[in-house]
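Fold and geometry: a report
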Amino acid sequence: MASSSALVTINNVKYSVGEAYSDTTLNQFLRKTLGLTGTKVLCREGGCGVCVVYVEEPDPNQPGSTIKRSINSCLCPILSCDGWNITTVEGTGNQKKPSQLQQQLTSHNGTQCGYCTPGMVMNMHALTKMSEGQKLTEQTVENSFDGNICRCTGYRPILDAFKTFAHDSKSKLLDLEDVGLSLQICPKNGSPCSGRCHHEHDSITEVLPTHDLGASSSWYRPKSLAELYTLLEGPLKGKKVFLVAGHTSVGVYDDGPCDALVDTKKIVELTQITTDATEGVTVGANVSLTHLIQVLREPAAKNPAQYHYMDVLADHISKVASVPIRNAASWTGNLMLKRAHNEFPSDVFLCFELAEAVITIGNKDGTSSVSPSQLLTTNFDDPKQVILKATFHPKPSNVLYRTYKIMPRSQNSHALVNAGFRAEVDSYQTGKRIIRSIALIFGNINPSFIYAIHTQKFLIEADMADPAVLQGALGRLRNELQPKAYPAEPSLEYRTNLACALFYKFALEILGDVADQRYRSAVGQLVRPLSSGQQDYPTEPKNYPLTLPIPKLESVVQCTGQAKYISDMDSSTMLHAAFVLSEQGSADITQIDSTNALKVNGVVRVITSIDIPGSNNFVAPPGVAEELLASRQVVFAGQPVAIVVATSQVAAENGAKQVKAVYANVKTPILTCQDAIQAKSFYPAIDDLKVGDAEAAIASAPHQVKGSMELGGQMHFYMETQVAVCTPTEDGMDVEAGTQWVDAVQDGVAQVLAMNKSSINVSCKRVGGAYGGKITRNTWIAASAALAAQLTGRQVKMHLSFWDNAKLVGKRNPYHTEYHAGFDADGKLQGVYINAYVDCGAAPNDNPISGLGTWGDNAYFCPNWKFSMTACKTNTPPNTWTRAPGSTEAIYFIEHVMEHIAKFLNKPSIDVKYLNLFKNGDKCITGQTIDNCNLTDLTQQFLKNVEYQKRFNAVQIFNKESRWRKKGISVTPMKYGVVWNSNLYNCFVTIFHNGGAVAVAHGGSEIGQGINTKVAQAVAYELGISMELISIKPNMSLTNANATSTGGSVTSELVTLAALDCCKQLLSRINPTRQAMQGKSWPEVIEKCFTDGMDLTARSWVAPKTDVAPIYYNTWGVTCTEVEIDVLTGEHQILRLDVLHDCGESMSPLIDIGQIEGAVVMGLGYYTSEQLKYDEKSGQLLTYNTWYYKPPTTKDIPADFRVQILKNAPNPVGVLRSKVVAEPPLCMTCSVVFALRNACDAARQEIGKGREWFQLDAPMTVERTQGYCLPDISQYTYGPTKPTKISLRLRLTR
Ligand SMILES: Cc1cc2nc3c(=O)[nH]c(=O)nc-3n(C[C@H](O)[C@H](O)[C@H](O)COP(=O)(O)OP(=O)(O)OC[C@H]3O[C@@H](n4cnc5c(N)ncnc54)[C@H](O)[C@@H]3O)c2cc1C
Ligand code: FES
Ligand code: FES
């Protein structure tokens, strides 16, 4: 039997890895064992792409050649990498010599927090390697990033950077030969590899574990089928065995530990592919999905008459998961997943069943053949069976094949419903489409549902062209579907409607172009063009480096994987901590039993609330206390009840699973605002905000509208989850925290440990994305790690798993809102009343509802306003700040009201909005007078620039011509009041003698927003020196004591203000010497100052108290969004989005463009695909993983994405004439909701309901969009008249 150890080459170094690593993933091996932390980790389920590496392995079918691919290292066991040559980001370039890919990504400003960046780089690296010898197109590049999520950038700059390597790129073509991709970096000295020390690289490093890895399975690697059968019927008989092909299935279902992992990749019989003219195509069991797609394409191209259906299959399988998953995943593993979990909406099963593939299975006694559906019930256990191959036979040319997959976002998602249809159609008789045979297969209906048998029977020998047959079939189909309710999946109604709609699409295809042209708009799916974009920004060369469009300072180290995050910190002596989270939303805790946890290898200690030396509260006054660990009661599911400390993260998490909390008095949790209203579960009342007398004004207004709406929450989805590393010291505690608020962490840790604040040293160098979620919530994690460190006397790291992070950390607040508005015949506002209920979750500390009083009027003047604000107490995690909290929702509410008014008056909404826009001299809801307002001109100019009227007309024409595709276009203008009050920051600037280099420590956290770059630009400008002399230091509790949080968009400008003040202080000391030494260099001047005894350090404190009124200045913007929807499925596409944003005189235009694009895409996700669902009984979050929670991917961004920074708009009161940027653009993205609403209106117009107002709730998921269009099988016809002239023979075209 072959050795179970693996010989793996990583960045040119060979490692021998033993069986102790059988449960270790490649990702863990890279990060923990080798310290190669450039490869990141987030979801550990193949859903995010931060862990992508490049792999070359010998091709078993072509000796001497290699298979090249990207894979997700988080799902790949290190022992399955035997014989592989793996390249990580560290092997492609470094800070001194970045590869061309890394350079391009840097120069296109494709990084913000940088946490996704190495995965992006490696995915592109793999693509270029895989494309060697072929011409890479822009489309291929765009198609290849379905598996890499970036929450910061909006993807546009990343795609643009990588498209420069395509041969059809409009940018200067970069020759792949010259881009340094072949560059190998010497792992020893970081220089390009000369290849001279090959013999050294040939030496093998044996890797020995430094701690107990907790491996519970044995590992086998048979080399032939015979060996495999001997194993299965010998030592492994009766054991739980996992046959490792791609090992990606654990990203979908983790069925727990098994006794043995048997790597089948060396079994050549399982990788073979044969093509025979009569027998068809046979693919071995281990063929990956990527390879399968290629294999299917060939016969389809060579012999379309018999193999046309293979193209249909290949297209469909291309929608499975993502490129790196498909590169690793086998079709066999997918079918076996379906076999083990019948409810799994397998696309591979659907395709194989549709194609009538024959699956050959084998055991020690021989082989047999089954269909994919028979496979689901075949006994695989005694004797143990193995899938060997699948065979696809040629098919008659008169059979039509179609498949459909409807997903919650454009790509990288499982099917909400998938369908495969096959029909042999006789179209020889004029006017008829006789069905000779038909198969209607559906997925995600219920675990046992495969074929719509009754509908199939009904259709045999029926004439599909007869409308009565269509209706008969649809009725039968609807009756026989019987979907099963899955709590995290869309409703039964949607899934039933969708399945019927997909069949209707197929029926229209059978009819061909003889069906009414308008109705044929249902055929096929939305086709997305290649993404394009424009970025237009002003710059002032006379002020350089201020206003210079430069990428982030840290961009290169982010691209090369050298940027170190707190989650990258590791040491062999460090302990790791994981939470035990409550499984009930509202209950008393009667017992926490840690007996079994303490038996888990590596577990050192289990901590509960009684172990806390200080206060069991991580929130400093005046905040409301929040328990660090639940003591007597749990108030939300996901609340920490204990902490498990262990020698590794795996052990800590395994230990946490073994802690048993016992509950009593379990109550039904309150989960929504509506629940809270019913239960009267509120936090202390908040006074109404009144301007004028809204009620009287509404009552006396000529017209009124009234309504309500629901608005969901949003997960932050930062790519680096909450993390802290705490080290006990003689002084107290050193804390490295991924926080937006160092001072709060210092408070929380001191409080929990009962120490003086001065004993806690907190530092934050960079954070891998935050979006508000690390303002107050990171303190929880830091204080917990500190507690564990204090109790064990050891350094402790707590880095939450994605799942725990999702369950524990609160999100953007959901709302229930009612409104009432009065207006005149033109739509001029007379009075507006908004009654908003905000879901604060289980604690009210981060309540954004007062945002209504700051931003609730958005861009519109009205003399009478009333805002009622109620904070609901629910059993969900305490909701928290999320990018543009309070403003986003407040602006959405008033925009919703404006849309309602426009609908009432039957006017385009922009006309009503335009009429009410603020003008100079108007008073806004804060009582402040509007000045420097040019919103009317700006909006008018914007509408002209984006050709709004022309496009509006084109949308109407399109909608008339198309029954089942509808378009919508909507414009959102914005006034965003910027609040400086209560934001306190400091800055510390030191000039070093002996070179004149400058170090800056400011009180903001670098979370990806580019704060360091802006500060460096401003300091260089003010001091009149090169940026290269400036370095920015971590935000620390000593140098930046007492600073408030990084948030509200203002931190960049306020720390810049403090930095400028430091520079001014320094210049006032230096300038006399500088003037006296005219012509001398900066270092010379500084040296003289030093020898003269001058203090070359300055600090500054910024504490704006601008007025009693909150708004310091306003920033303006307009967004226009155009969408197209598929009425039958609810899918949408953002055809074009234009945003004009006022950044004043942007300090750093490329950074600001990045912020605008990132904010827009985060907003688009919030309003369309990101949906939170909770279990009604326990209150547990159901959408806690990447399988269910869907932020936007590369193809969810606007197909045409145009961003403009307003020109000639210096801010007279701003810092260096600039304005804020990070949050306001998100507030305008609600325009996508209203564009979708327009499209739904057009669909409702078809059934005479176009004039009706309907309540619209957000996010506008595919389910809601379809539902609002009111499709119904009675509408599924071939058009107004029965087709009479059917003369064409069915043409099978794709
Ligand atoms: C993020 C993500 C997204 C996904 N999205 C989709 C999607 O949209 N649509 C979809 O259909 N699927 C999807 N999948 C599922 C994916 O296709 C499967 O994980 C994959 O095909 C499994 O193949 P594998 O080679 O990795 O199997 P493995 O994980 O290696 O094995 C899976 C199972 O198959 C068994 N097995 C392996 N080889 C054999 C053999 N020769 N004989 C018998 N049993 C064997 C193993 O014992 C194991 O039980 C997704 C997966 C992930 C991780
Ligand atoms: S960590 Fe591997 S895909 Fe998310
Ligand atoms: S830069 Fe992509 S996630 Fe932050």
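A brief look at the structure comes next. (Residues numbered from 1 in each chain as written. Chains lettered and ligands numbered in written order. Predicted model: local features only at pLDDT ≥ 70, side-chain atom pairs only at ≥ 80, totals over all residues. Heavy atoms only, no water.)

1. So, the site of ligand 1
- The local shell around ligand 1 holds 33 residues, among which His247, Thr248, Ser249, Ser330 and Asp347 are the closest.
- Take alanine 321: an N or O atom from its main chain is 3.4 Å from an oxygen atom of ligand 1.
- One nitrogen or oxygen atom from the side chain of lysine 405 is found 2.8 Å from an oxygen atom belonging to ligand 1.
- In the complex, the protein chains occlude 94% of the 990 Å² of accessible area that ligand 1 would expose alone.
- Per element, the largest residue contribution to the shell around ligand 1 is four residues, and it comes from helix H11 (residues 331–340).
- For the shell around ligand 1, the class distribution of residues is 18 nonpolar, 12 polar and three charged. (Near = heavy atom within 4 Å. Polar contact = N/O pair within 3.5 Å; in protein donor to acceptor, adjacent residues only side chain to side chain. Areas by Shrake-Rupley, 256 points an atom, 1.4 Å probe, with all protein chains shown as cover. Helix = DSSP H or I, 4+ residues; strand = E, 2+ residues; numbered from the N terminus. Nonpolar A, V, L, I, M, F, W, Y, C, P; charged D, E, K, R; others polar.)

2. Remarks on the packing of helix H26 (residues 887–905) against helix H35 (residues 1231–1245)
- Packing of H26 against H35 leaves a shortest axis separation of 11 Å and a crossing angle of 30°. Relative to H35, the element H26 lies roughly parallel. Note on packing geometry: the crossing formed by H26 with H35 is right-handed. Across the interface between the two elements, Tyr892, Glu895, His896, Glu899 and Lys903 from H26 touch Val1233, Phe1234, Arg1237, Asn1238 and Asp1241 from H35. (Axes fitted to C-alpha atoms, helices over the stretch in contact; angles between N-to-C directions. Parallel < 35°, antiparallel > 145°, perpendicular 65-115°, else oblique. Left-handed = near helix turned anticlockwise from the far one by under 90°. Contact = heavy atoms within 4.5 Å.)

3. Some words on the sheet that holds strand S20 (residues 587–593)
- Strand order in the open sheet made by the three strands is S22-S20-S24, with antiparallel pairing throughout. Here the strands that pair on one side only, and so sit at the sheet edges, are strand S22 (633–634) and strand S24 (660–664).
- Across five bridges, the pairing between S20 and S24 is antiparallel. When the bridges of S24 are listed, glutamine 591 appears paired with valine 662. (Pairing = 2+ DSSP bridges.)

4. So, the packing of aromatic side chains
- Here the structure, examined in full by the defined rule, presents 38 aromatic pairs.
- With centroids separated by 5.1 Å and ring planes inclined at 40°, the aromatic side chains of phenylalanine 1254 and tyrosine 1268 adopt a geometry described as tilted. With phenylalanine 1254 in the loop between H35 and helix H36 (1262–1268) and tyrosine 1268 in helix H36, this pair connects stretches of sequence that are 14 residues apart. The pair phenylalanine 1254 / tyrosine 1268 is uniform in exposure class, with both members buried.
- The rings of Tyr404, Phe421, Phe442, Phe449, Phe503 and Phe506 are connected pair by pair, giving a single aromatic cluster.
- Above the plane of the ring of phenylalanine 1254 lies arginine 1237, whose end atom (NZ or CZ) is 4.2 Å from the centre. (Phe/Tyr/Trp six-rings, centres within 6.5 Å; stacked < 30°, edge-to-face > 60°. Buried < 20%, exposed > 50% of the residue type's maximum accessible area, 1.4 Å probe, protein only. Lys NZ or Arg CZ within 6 Å of the ring centre and 35° of its normal.)

5. A short note on helix H2 (residues 100–107)
- Among the residues making up H2, those that are buried are Leu101, Gln102, Gln104, Leu105 and Thr106.
- Those residues of H2 that are buried are in contact with helix H3 (117–130), helix H5 (156–163) and helix H17 (555–559).
- Backbone geometry just downstream of H2 places asparagine 109 in the positive-phi region, at approximately 55°.

6. Thoughts on the nonpolar core
- Residues Phe442 and Tyr892 are the most contacted members of the largest nonpolar core, which totals 287 residues.
- Examining the composition of this core, we find that 13 residues originate from one element, helix H16 (residues 492–511), more than from any other.
- If sequence neighbours within four positions are ignored, tyrosine 892 has contacts with Met709, Leu711, Tyr1167, Cys1230, Val1233, Phe1234, Leu1256 and Ala1258.
- Among the nonpolar cores identified, the runner-up in size contains 59 residues, and Leu75, Met310, Ala357 and Ile450 belong to it. (Core = buried A, V, L, I, M, F, W, Y, C linked by side-chain atoms within 4.5 Å.)

7. Focus: the sheet that holds strand S7 (residues 218–220)
- Taken in spatial order, the three strands make up an open sheet running S7-S9-S8, and their pairing is parallel. Each having just a single partner strand, S7 and strand S8 (241–244) make up the two edges of the open sheet. When the angles between neighbouring strand axes are averaged without regard to direction, this sheet yields 20°.
- As paired elements, S8 and strand S9 (residues 260–263) share four bridges and run parallel to each other. Counterpart to phenylalanine 242 in the pairing with S9 is leucine 261.
- Along the sheet face, helix H7 (residues 225–233) touches S7, S8 and S9 and points at about 165° away from the line of S8.

8. A look at the pattern of salt bridges
- Summed over the entire model, instances satisfying the criterion amount to 64 salt bridges.
- Measuring nitrogen to oxygen at the nearest pair gives 2.7 Å for the salt bridge that ties glutamate 1170 to arginine 151. Remark: arginine 151 occurs in the loop between helix H4 (138–143) and H5 and glutamate 1170 occurs in the loop between helix H33 (1149–1168) and strand S42 (1200–1205); sequence separation between them is 1019 residues. Comparing glutamate 1170 with arginine 151 shows no difference in burial state: the two are buried.
- Measuring nitrogen to oxygen at the nearest pair gives 4.0 Å for the salt bridge that ties glutamate 1022 to lysine 1064. Here lysine 1064 lies in helix H31 (residues 1051–1076) and glutamate 1022 lies in helix H30 (residues 1011–1023), a separation of 42 residues in the sequence.
- Taken together, the salt bridges that share partners define one network made up of Asp82, Arg221, Asp263, Lys265 and Lys266. (Salt bridge = Lys/Arg side-chain N within 4 Å of Asp/Glu carboxyl O.)

Take it as geometry only, folks, not as evidence of what the structure does.
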